[in-house]
Amino acid sequence: MELLLLADEQESMIEQYLDRGRMFVLGREKARAVCVVTEEDLCTLEIKNIAVCPEYQKQGLGKRMIDFVVETFRGQYEELLVGTGESPLTVPFYEKCGFRISHRIPNFFTDYYDHPIYECSEQLVDMVYLKRLFL
Ligand SMILES: CC(C)(COP(=O)(O)OP(=O)(O)OC[C@H]1O[C@@H](n2cnc3c(N)ncnc32)[C@H](O)[C@@H]1OP(=O)(O)O)[C@@H](O)C(=O)NCCC(=O)NCCS
């Protein structure tokens, strides 16, 4: 949960997808990275949460996790979605991992979270969706 909260700071929101998702953990004695994916429809898998321990960030583990998900589910789904805040900490990471911006849900963070969320001093408002094909 400590790792999951790095990516999604409200536990009640995490609980909404944890039960219906599949979780992958990288690391032996200590979890270094985690990822939760859910089936949204027969063609679409969604990354609901991805997080790397702060001391292991920027060493390629997040990208390895995405590549693992793509390899694991290739042939089962057509597209991989991920939703995130409009943040310089996440959008460029997903673009580096082959995602492209698809659509947005206006006011997602202000409507569904019980407190304002800030990243890099900016309040998150819309949820930005990025998409990658399972090619
Ligand atoms: C976002 C996160 C999962 C990225 O994982 P990571 O292991 O640090 O990223 P990687 O080292 O695998 O980076 C892959 C590529 O993206 C780039 N990248 C990563 N973060 C970046 C950023 N903030 N800005 C620009 N590029 C970035 C890396 O430089 C690397 O590029 P390269 O392939 O050219 O070397 C990680 O920072 C994290 O856990 N953050 C906190 C939780 C979080 O915000 N999760 C996402 C919620 S939507």
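Higher on the page you've got the structure.
Throughout this description, residue numbers start from 1 for each chain and increase along the sequence as written. Where totals are concerned, whole chains, interfaces and linings use all residues; where local detail is concerned, this predicted model gives features only for residues with pLDDT of at least 70, and gives and counts side-chain atom pairs only at 80 or more. Remark: hydrogens and water are excluded; side-chain values derive from all non-hydrogen atoms of the structure.

Draft legend 1. Inspection of the layout of surface pockets at higher detail. By volume, the largest pocket amounts to about 1,200 Å³. Lining the largest pocket are 47 residues; nearest its centre among them are Ala-7, Ile-50, Thr-84, Thr-90 and Tyr-94. Secondary structure follows DSSP: runs of H or I at least 4 residues long count as helices, runs of E at least 2 residues long count as strands, and numbering of each begins at the N terminus. In terms of residue count, strand S3 (residues 44–52) provides more of the lining of the largest pocket than any other element does, 7 residues in total. Residues are sorted three ways: Asp, Glu, Lys and Arg are charged, Ala, Val, Leu, Ile, Met, Phe, Trp, Tyr, Cys and Pro are nonpolar, and all the rest, Gly among them, are polar. Classifying every residue of the lining of the largest pocket by side-chain character gives 27 nonpolar, 11 polar and 9 charged. A 1.4 Å probe that fits into a set of points on a 1 Å grid over the protein atoms alone but cannot get out defines a cavity; an open set with protein on both sides within 12 Å along at least five of seven lines defines a pocket, and lining residues are those with an atom within 4 Å of a point. Grid points are joined across faces, edges and corners, and a volume is the space filled by probe spheres set on the points.

Draft legend 2. A look at the sheet that holds S3. Whether two strands pair depends on DSSP finding at least two bridges between them. The 6 strands lie next to each other as S1-S2-S3-S4-S8-S5, forming an open sheet whose pairing is mixed. Each of the sheet's edge strands pairs with one partner strand only, and the pair in question is strand S1 (22–26) and strand S5 (100–105). The mean angle between the axes of side-by-side strands here comes to 30°, regardless of whether they run parallel or antiparallel. In terms of strand pairing, S3 meets strand S4 (residues 79–85) through 4 bridges, oriented parallel. Note on geometry: axes are lines fitted to C-alpha atoms, helical ones only across the stretch in contact, with angles between N-to-C directions running from 0 to 180 degrees.

Draft legend 3. Broad picture of the environment of Glu-95. One can find Glu-95 in helix H4 (residues 91–96). Note on exposure labels: buried denotes an accessible area under 20% of the residue type's maximum, exposed denotes more than 50%, and partly exposed covers the range between, all computed with a 1.4 Å probe on protein chains only. For Glu-95, a relative accessible area of 33% puts it in the partly exposed group. In the structure, Glu-95 is positioned 35 residues away from Leu-130 in sequence and 8.2 Å away in space, judged by C-alpha atoms. For Glu-95, the contacting residues outside a window of four places in its chain are Arg-100, Ile-101 and Leu-130. Residue contacts are counted whenever heavy atoms from the two residues lie within 4.5 Å of one another.

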